[in-house]
Amino acid sequence: MGASLKDIACKLNLSKTTVSWVLSGQGDKKGISAETQSRVLACARSLAYEPNLLARSLNTGVSKTIGLILPSISDTFFAHIADRIESEAEREGYSLMIAGSNSETERENALIRLFRSKKVDGIIIVPAAGVDLAHTLDRTTMTTPIVQVGGRQRSFRTSMVGIDENAAMESIVAHLAEQGVRSAAYLAGKEVSFESAEMFAMFHTQMRTHRLVTDTSWNRFGDSTVERGYQCVWRMFADSDARPPEAVICADDMIALGAMIALQTLGIRVPDDVRVVGYDDSPLALTTMPTL
């Protein structure tokens, strides 16, 4: 076992309180001489002392730990978020506990309760699409601050970092109109999601605003997978008698990748013949040819 505060105190004939004050950086504030502080620090180094963070958190009520809940740890977009949050947390002296919910309501609720029992100083949650955690969030914020990232705000007691979905779709359609595109299809996310439905409605609003054409048969809800993007675009463009859209807007970069593969297989050039729009700005977007 490593050295303890008691070991250092006994070796220097000092009280545990004095040693604790020095090692926690409160020596000057508590009026402990520079000579005594120097002796304590030198002794701690010689004994390879490591502070007991759990004990310290019980004494101070501060764990210097933040809990992060993501719908998926393997998803590139969420992994990028985790990486940036971890960097910021470490810079502020905090460690991060990361957990994936597999987009399940019960698991998200369980993880919030788990982090709360671990006495984390705060929780950051990226809720899964369509999941309503209002009751759990309201109850948890009574003791633990929570920041929600993305999605629809479920509790007005939490802080919120949101994505303006309407502005995103407005930007996408405006960009295509500026490029001279006259028609576009939209491969939306899952229909059960409020966010997907909102984006779908905004797509039609912006298409009317910019006087672009779309077709009901082109626009579908579905999973965010490469296979789904491939199959949808293949059906849209393989029929030589039908007039296909000049652009395909995808709710996810995975869908966009599948769309590009289908177009290239059919000998249709991207972006010369058809424009493809991805969503999420994931690392995957940099690997496509051409890049999204």
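Up top is the structure.
This section reports on the structure supplied with the text. (Residues numbered from 1 in each chain as written. Predicted model: local features only at pLDDT ≥ 70, side-chain atom pairs only at ≥ 80, totals over all residues. Heavy atoms only, no water.)

Remarks on the sheet that holds strand S5 (residues 159–161)
Here is step 1: Taken in spatial order, the five strands make up an open sheet running S2-S1-S3-S4-S5, and their pairing is parallel. Among the strands making up the open sheet, the edge pair consists of strand S2 (95–100) and S5. Averaged over all adjacent pairs, the angle separating strand axes in this sheet is 20 degrees, with direction ignored.
Here is step 2: As judged from the three bridges shared by strand S3 (residues 122–125) and strand S4 (residues 146–149), these two strands associate in the parallel manner. Each residue of the ladder has a partner; that of Ile124, found in S4, is Val147.
Here is step 3: Lying over the sheet, helix H6 (residues 105–117) contacts strand S1 (65–70), S2 and S3, oriented at roughly 175 degrees with respect to S1. (Pairing = 2+ DSSP bridges. Helix = DSSP H or I, 4+ residues; strand = E, 2+ residues; numbered from the N terminus. Axes fitted to C-alpha atoms, helices over the stretch in contact; angles between N-to-C directions. Contact = heavy atoms within 4.5 Å.)

Considerations on the environment of Asp215
Here is step 1: By secondary structure assignment, the location of Asp215 is in the loop between helix H9 (194–209) and helix H10 (226–238).
Here is step 2: What makes Asp215 partly exposed here is its relative accessible area of 33%.
Here is step 3: Sequence-wise, Asp215 and Ala184 are 31 residues apart; in three dimensions their C-alpha atoms are separated by 8.2 Å. (Buried < 20%, exposed > 50% of the residue type's maximum accessible area, 1.4 Å probe, protein only.)

Focus: the packing of aromatic side chains
Here is step 1: On inspection of all chains with the given rule, the structure shows four aromatic pairs.
Here is step 2: Centre to centre, the rings of Tyr230 and Trp234 are 5.8 Å apart; their planes meet at 20 degrees, and the pair counts as stacked. In this pair, Tyr230 and Trp234 are both assigned in helix H10, four residues apart and thus about one turn of the helix distant.
Here is step 3: On the basis of relative accessibility, which here comes to 25%, the residue Tyr230 falls in the partly exposed class.
Here is step 4: A relative accessible area of 31% places Trp234 in the partly exposed class.
Here is step 5: Grouped by ring-pair contacts, the aromatic residues Tyr186, Phe200, Phe203 and Phe221 constitute a single cluster.
Here is step 6: In this arrangement the basic side chain of Lys64 is found over the ring face of Tyr94, its NZ or CZ atom lying 4.0 Å from the centre. (Phe/Tyr/Trp six-rings, centres within 6.5 Å; stacked < 30°, edge-to-face > 60°. Lys NZ or Arg CZ within 6 Å of the ring centre and 35° of its normal.)

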